[in-house]
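Examination of the molecular architecture
Here's the letter readout for the chains.
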Amino acid sequence: MKPMISRPTGPLAGVFAVPGDKSISHRALILGASAVGETAIRGLLEAEDVLATAEAMRRLGAEVSRSGEGWRIFGRGVGGLAEPDSVLDMGNSGTGARLVIGLVASHPFTTFFCGDASLSARPMNRVIEPLRRVGATFWSRSGGRLPLAVGGAADPLPIVYSLPVASAQVKSAILFAALNAPGRTTVIEPLPTRDHTEAMLSHFGAEVETETLADGGRRITLVGQPELTGREVVVPGDISSAAFPLVAASLVPGSRVTLRNVGINPLRTGLLETLGDMGARISVTDRRVEAGEPVADLIVEASSLGGVEVPAGRVPAMIDEFPVLAVAAACANGVTRMHGLAELRVKESDRLAAMARGLTACGVRVETGDDWLVVHGAGGAPPGGGEVAVDMDHRIAMAFLVLGMASRAPVRIDDAEPIATSFPSFVASMNGLGARTEEPPAT
Ligand code: S3P
């Protein structure tokens, strides 16, 4: 455990280097390992979650190395992975675990998975259920939790599957399994979720079709057993990591920060929309497309925010941004109501509970239900002064360090170590803008 204190700060200013997108980094490694020939990745996120996926690809037989300019993978081709000779440890990463479970479900060998205490508590039945239909066999702890073993299908089947919850991880697990199944596999999602898997499958040479449905959902179809060929991949900056300096600079009076090279895929920009509704001053400049993903620079200046209503339909486009949105809401004028948050209860922690507990400890009034959160904004700096248990959750840790920057008294978190799963340079980068986040003095 590494406690950390975040003190109220003066204006934040400067240019912020946003680390690579975590979702896109996992997918680039997995598809690089599934392609024939060399894949070169620039901008890969070098954080624990992604490094666990890189190691899993090595153990499945791909050649994965870090070179001067980036990462290189020599893949095994679709269906060409080899049985790992030890357990794949996916650490804290739900995305890594679910995507790789999907990948091996259509390979005729057995793969064992484990993870840390947080990952071992997370539901895997959501991938086990559809992957059984593909033909895989599973042995897991009760409730479909890790550690688990996957007996991959020798003759995988194409399936048609309607997702019971909008989840890009489950969609991607099925599509990765479908790579080695003959025929067409179709996934239907109730609301559109991030489409990095579909975009990257096309980039590597697969045939993927997406159809928008009358009810707002999507139907995604992949033609199985494609020839995937090694490619160059450029990973944009992660908007889910950019969210923290974005909110911090919006809240701390007098701030002005530039965030370069941020991925702005429309299925990821719900936070920009919500902060816009709250009155944030964010300009999106130099819009461009890099390796099939839209990218821009964001310039954010402090402003006074107002409470808003966040509709359930927007949740998938900002699923990971609620902890830091709750911090923005805590400083806003008026009440913010967030709906459709059931999935937050099964993230790296029960984020709904962690947010409510942490905000309450910092003098902010909140109300919660099964799937909603109401935050009563302080109309400026909230009291702060609390100690927050981060529960092995990187985004809870970073969100409450941001709260400390904008509060009247410092905020302390019990453990900054989980931050390394997605954003190892977070504290140094924020302090580079003028934040005062540090380890507490020894007592
Ligand atoms: C992710 C999808 C989301 C998100 C996670 C990354 C992905 O999870 O919370 O951090 O890369 O596909 P769900 O698909 O389970 O909502």
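Because the structure is predicted, anything quoted here is derived from the model rather than measured. (Residues numbered from 1 in each chain as written. Predicted model: local features only at pLDDT ≥ 70, side-chain atom pairs only at ≥ 80, totals over all residues. Heavy atoms only, no water.)

Quick look at the overall build of the protein chain
Along its length, the protein chain carries 12 helices and 24 strands. Expressed as lengths along the three principal axes of its C-alpha atoms, the size of the protein chain is roughly 60 × 50 × 45 Å. For the protein chain, long-range pairs separated by at least 24 residues make up 76% of all intrachain contacts whose partners lie at least 6 apart in sequence. Here the protein chain displays about 15500 Å² of accessible surface, and carbon together with sulfur accounts for 51% of that area. Between the centroid of the 40 positive side chains of the protein chain and the centroid of its 48 negative side chains there is a distance of 3 Å. (Helix = DSSP H or I, 4+ residues; strand = E, 2+ residues; numbered from the N terminus. Contact = heavy atoms within 4.5 Å. Areas by Shrake-Rupley, 256 points an atom, 1.4 Å probe, with all protein chains shown as cover. Lys, Arg positive; Asp, Glu negative; His and termini not counted. Charge placed at Lys NZ, Arg CZ, Asp CG, Glu CD.)

Thoughts on helix H7 (residues 239–251)
Taking 1.5 Å per residue as the helical rise, H7 with its 13 residues ought to reach 18 Å, and the 18 Å between its terminal C-alpha atoms agrees with that figure. Among the 13 residues in H7, 13 count as buried, and that is most of the element. Measuring from the backbone nitrogen of serine 240 back to the side-chain oxygen at the start of H7 gives 2.8 Å, which picks out aspartate 238 as the cap. (Expected span 1.5 Å × (residues − 1). Buried < 20%, exposed > 50% of the residue type's maximum accessible area, 1.4 Å probe, protein only. Polar contact = N/O pair within 3.5 Å; in protein donor to acceptor, adjacent residues only side chain to side chain.)

Details of the sheet that holds strand S12 (residues 208–212)
Hydrogen bonds between backbone groups are what pair the strands of a sheet, and the pairing can be parallel or antiparallel. In space, the four strands of this open sheet follow the order S10-S11-S13-S12, with mixed pairing throughout. Single-partner strands in this sheet number two, and they are strand S10 (160–162) and S12. Averaged over all pairs of adjacent strands, the angle between strand axes in this sheet comes to 15°, irrespective of strand direction. Note that strand S11 (residues 184–189) and strand S13 (residues 218–223) share six bridges and pair antiparallel. (Pairing = 2+ DSSP bridges. Axes fitted to C-alpha atoms, helices over the stretch in contact; angles between N-to-C directions.)

As for helix H4 (residues 125–134)
Looking only at H4, the buried set comprises Arg126, Val127, Ile128, Pro130, Leu131 and Val134. For H4, the secondary structure elements touched by its buried residues are helix H3 (94–104), strand S8 (137–141), strand S9 (145–151), S10 and helix H5 (168–178). Positioned one or two residues after H4, glycine 135 has a phi angle of 120°, which is positive.

Brief notes about the pairing of S8
Bridge count between S8 and S9: five bridges; the pairing is antiparallel. Bridge pairing in S9 links serine 140 to leucine 148. What sits between the antiparallel neighbours S8 and S9 is a turn of three residues, in which glycine 143 has the positive phi angle 75°.

Brief notes about the packing of aromatic side chains
Scanning all chains against the criterion turns up three aromatic pairs. Summarising the aromatic geometry, the rings of phenylalanine 16 and phenylalanine 423 are spaced 6.0 Å apart at their centres and angled 90° between planes, so their arrangement reads as edge-to-face. With phenylalanine 16 in strand S2 (residues 13–17) and phenylalanine 423 in the loop between strand S23 (411–413) and helix H12 (426–433), the pair connects residues that are 407 residues apart, well separated along the chain. As far as the burial class goes, phenylalanine 16 and phenylalanine 423 line up, both buried. Between phenylalanine 423 and phenylalanine 426, the aromatic rings sit 5.4 Å apart at their centres with planes inclined by 70°, giving edge-to-face as the arrangement. We note that phenylalanine 423, like phenylalanine 426, is buried. (Phe/Tyr/Trp six-rings, centres within 6.5 Å; stacked < 30°, edge-to-face > 60°.)

Some thoughts on the nonpolar core
Counting residues in each nonpolar core, the largest one holds 77 residues, and the members touching the most others are Phe322, Met338 and Phe426. Looking at which element gives the most residues to this core, the answer is helix H11 (residues 394–406), with 10 residues. Dropping the residues within four chain positions of it, phenylalanine 322 is found in contact with Val310, Val315, Met338, Leu341, Leu344 and Met355. The next biggest cluster of nonpolar side chains, apart from the first, holds 65 residues, and it includes Ala28, Phe109, Leu201 and Val235. (Core = buried A, V, L, I, M, F, W, Y, C linked by side-chain atoms within 4.5 Å.)

Some details on the site of the ligand
The environment of the ligand is made up of Ser23, Arg27, Thr95, Ser167, Ala168, Gln169, Arg194, Ile319, Asp320 and Lys347. Arginine 27 has a polar side-chain atom sitting 2.6 Å from an oxygen atom of the ligand. Lysine 347 has a polar side-chain atom sitting 2.7 Å from an oxygen atom of the ligand. Protein chains shield 95% of the accessible area of the ligand, which is 380 Å² for the free molecule. The site holding the ligand turns out to be the largest pocket. Breaking the shell around the ligand down by element, the ones donating at least two residues are helix H1 (22–34) and H5. Of the residues in the shell around the ligand, the class split is two nonpolar, four polar and four charged. (Near = heavy atom within 4 Å. 1 Å grid on protein atoms, 1.4 Å probe; cavity = no way out; pocket = protein on both sides within 12 Å on 5 of 7 lines; lining within 4 Å. Sits in = over half its atoms within 2 Å of the grid points. Nonpolar A, V, L, I, M, F, W, Y, C, P; charged D, E, K, R; others polar.)

Looking at the packing of H11 against H12
Packing of H11 against H12 brings their axes to within 12 Å, and their N-to-C directions diverge by 20°. With respect to H12, the element H11 is oriented roughly parallel. By crossing handedness, the relation of H11 to H12 is classed as right-handed. On H12, the residues touching Met398, Leu401, Val402 and Met405 of H11 are Phe426, Val427 and Met430. Grouping the amino acids of the contact of H11 with H12 by side-chain chemistry returns seven nonpolar, no polar and no charged. (Parallel < 35°, antiparallel > 145°, perpendicular 65-115°, else oblique. Left-handed = near helix turned anticlockwise from the far one by under 90°.)

Overview of the sheet that holds strand S5 (residues 70–76)
One open sheet accounts for four strands, arranged S4-S5-S3-S14; its pairing is mixed. Edge strands, defined here as strands with exactly one partner in the open sheet, are strand S4 (63–67) and strand S14 (232–234). With direction set aside, neighbouring strand axes in the sheet form an average angle of 20°. Strand contacts of H1: strand S3 (36–42), S4, S5 and S14, with the helix running at about 40° to S5, the strand carrying the most contacts.

Details of the layout of surface pockets
If a probe the size of a water molecule is rolled over the atoms, the empty space left behind becomes visible. Looking at the largest pocket, its volume works out to about 540 Å³. Lining the largest pocket we find 38 residues, and of these Ala166, Ser167, Ile319, Glu343 and Lys347 sit closest to its centre. Here the lining of the largest pocket gets four residues from one element, more than from any other, and that element is H1. Here the residues of the lining of the largest pocket sort into 11 nonpolar, 11 polar and 16 charged. Residue-level mapping places the lining of the largest pocket at the junction of two domains, with at least three residues from each of domain 1 (4–20 + 236–438) and domain 2 (22–222). The space that makes up the second largest pocket amounts to roughly 220 Å³. (Points joined across faces, edges and corners; volume = space filled by probe spheres on them. Domains from an automatic or database assignment.)

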